[in-house]
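# Inside the fold
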Amino acid sequence: GIARLYLDHLSFLRKEAAIRQILPRLREYGHSVNIWSMGVENFSDQENERFNKGLRLDEIVEASTKLAALEKDFPDTFHFTKHGGFGFILFTPWTTIADLKINLKYVRRLNLSNMEFICRTRLQLLPGRPITQMAHMEGLIVDHFSDHSFDSGCMADVGDYEYSWRFLNPEVETVFRMVRRLNPSSEIPADDSDYLLI
């Protein structure tokens, strides 16, 4: 059997000792604990502050370290990475090169395995959210994205829609276009001129 847990990083940190304690018994009975896509969002404190989800770098690092330890100690009984690992929002309208460097540093330090996914993630601005209002107020909402669209799974209902936005820092848009094409997914057509160039 499989026990599916939906935890954020703080819930996981509070329950980690109990999970570790029960895993040997679960293994005995052929059960496993599976954690699905925990939203770490970003390793930049400035970016996470905008998301307003209470995410702190020290807690994210601690959670990542403990998740990796559980997977190493209980490879048949505890699964996180194989279900996608951390959910992420790498690019936002406000992303800077410094933010990207911070993220690269921690992705490497924590040896995250879903780099291809992380590199193509971007913020989806949905109606009624404070962060969407902030983008409106700062003039970052546009008619169309400058690059191909990508739904990271935030739009769950048929009527959902997102606002298109632009980057405050044009150099980050260039990085965004490049890294998405280094490991292209289905939203980048095979005949895309930037993809062919890269």
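Right, let's walk through the structure included here. Here the residue numbers are simple positions, counted from 1 along each chain's written sequence. Per-residue local features of the predicted model are confined to residues with pLDDT of at least 70, and side-chain atom pairs are confined, for both listing and counting, to 80 or more; whole-chain, interface and lining totals are unaffected and use all residues. Hydrogen atoms and water are omitted, and side-chain values are computed over all heavy atoms in the structure.

Another point: the overall build of the chain. Secondary structure counts use DSSP, requiring at least four H or I residues in a row for a helix and at least two E residues in a row for a strand, with both numbered from the N terminus. Assigned secondary structure in the chain consists of eight helices and five strands. Taken from N to C terminus, the helices and strands of the chain fall in the order β-α-β-β-α-α-β-β-α-α-α-α-α. Residues counted as buried form 43% of the 198 residues belonging to the chain. We call two residues contacting when some pair of their heavy atoms lies within 4.5 Å. Contacts spanning at least 24 positions in sequence make up 74% of the contacts within the chain whose residues lie at least 6 apart. With the model as given, the accessible surface of the chain reaches about 11,100 Å², and the carbon-plus-sulfur share is 53%. With a 1.4 Å probe rolled over the protein chains alone, any residue whose accessible area is under 20% of its type maximum counts as buried; one over 50% counts as exposed, and the rest are partly exposed. Reported accessibility uses the Shrake-Rupley method at a 1.4 Å probe radius. Residues are deemed covered only where the shown protein chains occlude them.

Turning to the pattern of salt bridges, a few remarks are in order. A pairing counts as a salt bridge when a side-chain nitrogen of Lys or Arg comes within 4 Å of a carboxyl oxygen of Asp or Glu. A complete count under the given rule lists ten salt bridges for this structure. Among the ionic pairs, Asp73 bridges to Arg20, the shortest N-O distance being 2.9 Å. Residue Asp73 is found in helix H3 (residues 57–73), and its partner Arg20 is found in helix H1 (residues 9–28); the two are separated by 53 residues along the sequence. Judged by relative accessible area, which is 37%, Asp73 ranks as partly exposed. What makes Arg20 partly exposed here is its relative accessible area of 28%. The salt bridge involving Arg50 is made with Glu47; its shortest N-O contact spans 2.7 Å. Taken as a pair, Arg50 and Glu47 lie in helix H2 (residues 45–51) at a separation of three residues, close to a single helical turn.

Moving on to a nonpolar patch on the surface. Patch rule: a residue counts if its relative accessible area is over 30% and it has no salt bridge; like charges are joined within 9 Å, and nonpolar side chains (Val, Leu, Ile, Met, Phe, Trp, Tyr) within 5 Å. A cluster of nonpolar side chains, namely Met178, Leu182 and Ile198, defines an oily patch on the protein surface of about 290 Å² accessible area. If you trace the backbone, Met178 turns up in helix H7 (residues 170–182). When its relative accessible area of 43% is taken as the criterion, Met178 is described as partly exposed.

A separate point is unusual backbone geometry. The phi dihedral of Asn52 falls on the positive side, at around 55°, and the residue is not glycine. Within the element layout of this structure, Asn52 appears in the loop between H2 and H3. Backbone geometry places Asn111, a non-glycine residue, at a positive phi of 55°. Within the element layout of this structure, Asn111 appears in the loop between helix H4 (97–109) and helix H5 (115–119).

Let us look at H4. With 13 residues, H4 extends 18 Å from end C-alpha to end C-alpha; this agrees with the ideal 18 Å at 1.5 Å per step. Along H4, the residues that are buried comprise Asp99, Leu100, Asn103, Tyr106 and Val107. The buried side chains of H4 occupy one side of the element, clustering within an arc of 135° when seen end-on. Facing away from the buried side of H4, by more than 90 degrees, are the exposed residues Lys101, Arg108 and Arg109. Buried residues along H4 sit against H2, H3, strand S5 (86–88), H5 and H7. For a helix, the expected span equals 1.5 Å multiplied by the residue count minus one. Of all possible arcs, the one meant is that of the directions from the helix axis to the C-beta atoms.

What follows deals with the packing of aromatic side chains. Here a pair means two rings of Phe, Tyr or Trp (six-membered ring of Trp) with centres within 6.5 Å. Their orientation is stacked below 30 degrees between planes, edge-to-face above 60, and tilted elsewhere. Using the criterion set out here, one finds nine aromatic pairs in the structure. For the ring pair Phe43 and Phe88, a centre distance of 5.5 Å and an interplane angle of 55° mean the geometry is tilted. In this pair, Phe43 is assigned in the loop between strand S3 (38–41) and H2 and Phe88 in strand S5, connecting sequence segments 45 residues apart. Under the relative-accessibility criterion, Phe88 is labelled buried at 5%. With a centroid separation of 4.9 Å and 75° between ring planes, the pair formed by Trp165 and Phe167 is classed as edge-to-face.

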